[in-house]
Amino acid sequence: MMTQYLDLLMTDYTLQIITLGTAVLGALCGMLGSFAVLRKQSLLGDAISHASLPGIAIVFLVLGVKDNNGLLLGALLSGLVSAVFIKGIISKTHLKSDTALGIVLSTFFGFGMLLLTYIQKLPNANQSGLEKYLFGQAATLLASDVWLMSSIAGIALLIVLLFWKEFKIVLFDADYTTTLGFHVKFIDTLMTSFIVIAIVMGLQTVGVVLMSAMLLAPAAAARQWTNSLSIMVFLAGIFGAVSGILGTAISASANNLSTGPVIVLVATFFVMISFVFSPIRGLLFKQIKLWKNRNDLKLMKTLMFMYNIVEDHDNISHPHKIQLLNNFQGYTKKSLKSLQAEELILLEKDSWSLTEKGFQVAKNLYTQQS
Amino acid sequence: MEQKIAISIDDLTVAYNYKPVLWDIDLQIPEGVLMAIVGPNGAGKSTLLKSVLDIIKPLAGSVTVYGKPYKKQRHLVAYVPQKGSVDWDFPTTALDVVMMGTYGALGWIKRPGQAQKKQALEALEKVGMLPFQNRQISQLSGGQQQRIFLARALVQNAAIYFMDEPFQGVDATTEKAIIQILKELRKAGKTVIVVHHDLQTVPEYFDWVTFLNVKKIATGPVAQIFNDDNLTKTYGINYKTSIVE
């Protein structure tokens, strides 16, 4: 299947365009998504993408626009209007941001769906093809679309490199940035604008419903692997691009599964792998470390108990019966073996003795505690 | 003794929604003082700092720094926000955060280089955090995070320092280290303004104090005005204290 797909990729121009498009889109969304995640605006992306639907429908209905770029321009405008509404609701009312996002998301999306069903009942509705913006249809990507995406990704990259320092400090501490004389609102607007543009660019491929996953999943995955902002942004871009390429490959080689959802699933797969296996923050390593620490502590407690017995004797390596340990509940045969493996004790049939090393370790443990 | 005025606040009024948080504040802060701002929760202490620093837009009033509007004098003023105001899980290192103190002097787009790194390392040394320079900031203790914030302000090499509860949630060692640095700043002729909660330590740490509870209650030298009368006026309870004298 793999070789079949590669053959197809070599020969099929459309597939090449789609693969390139989804890769560029993934990289763009991954990069900008990192900023959305760190700015705690994860949900903003979701609201804006849902809110772009009525824009598409209105442009089609009122202006009769049918070409992709015109429709996306409508999506962009309606997305921006929703962002203004969200910020307005948060600053003018007592509502919290999640409530404001929820209200705007469902109102705009509901209105969009209403218009969409209206459009479908019109004569020659089947030519409109607006449904593709709901879940995306990568197959409709044209070379010109990919060119546009690549140009925007290029500009976004340039802006990020140029304003790197400003983006970083606003993300970390906006109030402090103000006191340094930077125009925080400008930096913030620049960041949000590019996030909105990235969302709109992805509508055709992934659709309004799943678009926010494209922003968030690569960034969330990347965060697990690094404690450096630059590496995080870079990794998120890579994860996004690879999700795009793999998603397209899977959908092309498996009965033309819908590409958008497959890309999103691949990106989510990256998130799951990262959550479990990342060495810095991964659940698996955390758990292993926890077990190991608890085990070490248990061993040390056993050693302490032995030390307390040995302390009263002149000869530290004098053997004692294992039965003596029965008063102490924390030991097992296994834990005694572990202690012997670390050369802290010596075991002989049914007796044990502390080694010089074991005695010193226990003694120092004692002084540290008291 | 004629003292230069570092900060002059005139008729400052701030309101969130309908409720005034600060009412008609007039405050002159002389150069070279180490001043505590004290008052109960909700008295507007942090808000006073933020509106002086133009983070919050006041309803009315003006702030001058050495006789000129604050906006023209930003480079003279450094700010240490509350430790809890940022997300310490942000992917960056201690050194990187301290470097942010140099961004203001750098201005737009220009990247920090070796000179900025050197300044940041010096500041880290001053607060005793040099060994932790490459530590991810979430792995620092509360006291260490507070020191990092202090170092970031020190890098700005300002004349005036505003600090929002720098002693909150730090251990005794860190508190001593921080107050030592603040006293050194005062010795160097800087003006230091600190939002402070622990009334017990006011006479020991500070030489100037402002009582605030939405309105300004009193301001002046600790030795003259830090007394039961002003504490009672500020906190609204009959304040029997063994703190002074």
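Residues numbered from 1 in each chain as written. Chains lettered and ligands numbered in written order. Predicted model: local features only at pLDDT ≥ 70, side-chain atom pairs only at ≥ 80, totals over all residues. Heavy atoms only, no water.

1. Here's the deal with the overall build of chain B
Convention followed: By the criteria applied, helices consist of DSSP H or I runs no shorter than four residues and strands consist of E runs no shorter than two, each listed in order from the N terminus. In this setup the radius of gyration rests on C-alpha atoms only. A globule is expected at 2.2 Å times the number of residues raised to 0.38. Under the scheme applied here, a residue whose accessible area is under 20% of the maximum for its type counts as buried, over 50% as exposed, and between as partly exposed, the area being computed with a 1.4 Å probe on protein chains only. Working definition of accessibility: Shrake-Rupley area with a 1.4 Å probe, residue cover restricted to the visible protein chains.
In terms of regular secondary structure, chain B is built from 9 helices and 10 strands. Expected size for 245 residues packed as a compact globule is a radius of gyration near 18 Å; at 18 Å, chain B falls within 12% of this value. With the C-alpha coordinates aligned to their principal axes, the bounding extent of chain B is approximately 50 × 40 × 40 Å. With 245 residues in all, chain B has 52% of them scored as buried. Only carbon and sulfur atoms are counted for the fraction: they give 50% of the accessible area of chain B, which is about 11,000 Å².

2. Comments concerning the pattern of salt bridges
Which entries qualify depends on this criterion: A carboxyl oxygen of Asp or Glu within 4 Å of a side-chain nitrogen of Lys or Arg is what we treat as a salt bridge.
Throughout the structure, instances matching the rule amount to 16 salt bridges over all chains. Among the salt bridges present, the one from A:Glu166 reaches A:Lys165, with a minimum N-O distance of 3.1 Å. Each of B:Asp54, B:Lys57, B:Lys71 and B:Arg74 takes part in one network of salt bridges that share partners.

3. A few points about the sheet that holds strand E2 (residues 19-30) of chain B
Residues and elements named next belong to chain B. Test applied: A strand pair is defined by DSSP finding two or more bridges across the two strands. Between two residues, a contact is recorded if the distance between any of their heavy atoms is within 4.5 Å. Helix axes are fitted to C-alpha atoms over the stretch in contact, other axes to C-alpha atoms as well, and angles between N-to-C directions run from 0 to 180 degrees.
Ordered by their spatial adjacency, 4 strands build an open sheet running E2-E1-E4-E5, and the pairing between neighbours is antiparallel. On the outer flanks of this sheet lie E2 and strand E5 (68-69), each paired with one strand and no other. Helix-sheet contacts for helix H1 (residues 45-52) involve strand E1 (5-16), E2 and strand E4 (60-65), and the interaxial angle to E1 is about 115°.

4. As for the packing of helix H3 (residues 42-51) of chain A against helix H11 (residues 184-206) of chain A
All names here are of chain A. We count it as follows: Put simply, angles under 35 degrees are roughly parallel, angles over 145 are roughly antiparallel, angles from 65 to 115 are roughly perpendicular, and the rest are oblique. Here a crossing is called left-handed whenever its near helix is offset anticlockwise from the far helix by less than a right angle, and right-handed whenever the offset is clockwise. The residue classification treats Ala, Val, Leu, Ile, Met, Phe, Trp, Tyr, Cys and Pro as nonpolar and Asp, Glu, Lys and Arg as charged. All others, Gly included, are polar.
Where H3 contacts H11, the axes come no closer than 10 Å and their chain directions differ by 50°. With respect to H11, the element H3 is oriented oblique. The chirality of how H3 crosses H11 is right-handed. Across the interface between the two elements, Leu 44, Gly 45, Ile 48 and Ser 49 of H3 pack against Thr 192, Val 196, Ile 199 and Leu 203 of H11. Broken down by class, the residue content of the contact of H3 with H11 amounts to 5 nonpolar, 3 polar and no charged.

5. A few points about the interface of chain A and chain B
How we decide: By buried area we mean the combined loss of accessible area, with a 1.4 Å probe, across both parts when two parts are placed together. Here a polar contact means two N or O atoms within 3.5 Å. Within protein one must be a hydrogen donor candidate and the other an acceptor candidate, and residues neighboring in sequence count only if both atoms are side-chain atoms.
Across the boundary between the two partners, chain A contributes 30 residues, which contact 35 residues of chain B. Approximately 2,800 Å² of surface area, both sides summed, lies buried where chain A meets chain B, with 62% of it carried by carbon and sulfur atoms. Contact with chain B buries surface across chain A, with A:Lys165, A:Phe172 and A:Tyr176 losing the most and accounting together for 28% of the total. At the boundary of chain A and chain B, one finds 6 salt bridges. Across the pair B:Asp89 and A:Arg281 runs a salt bridge whose closest N-O atoms are separated by 2.9 Å. Remark: the boundary between chain A and chain B carries 13 residue pairs in polar contact (both at pLDDT 80 or more). Among the elements that take part in the side of chain A that touches chain B, helix H9 (residues 164-172) of chain A stands out by supplying 7 residues, more than any other. Looking at the side of chain A that touches chain B residue by residue, the classes come out as 15 nonpolar, 7 polar and 8 charged.

6. Quick look at the confidence of the model for chain B
What counts here: Confidence of the predictor at the level of single residues is given by pLDDT, which spans 0 to 100.
Of the residues in chain B, 96% reach a pLDDT of 70 or more, and the chain-wide mean stands at 93. When mean pLDDT is compared element by element in chain B, strand E6 (residues 77-80) of chain B scores highest at 98, while helix H9 (residues 228-235) of chain B scores lowest at 90.

7. Section: helix H15 (residues 283-310) of chain A
Applied cut-off: Helices are assigned an expected span. That span is 1.5 Å times one less than the residue count.
Taking 1.5 Å per residue as the helical rise, H15(A) with its 28 residues ought to reach 40 Å, and the 40 Å between its terminal C-alpha atoms agrees with that figure. For H15(A), the full list of buried residues reads A:Leu299, A:Thr302, A:Leu303, A:Met304, A:Met306, A:Tyr307, A:Ile309 and A:Val310.

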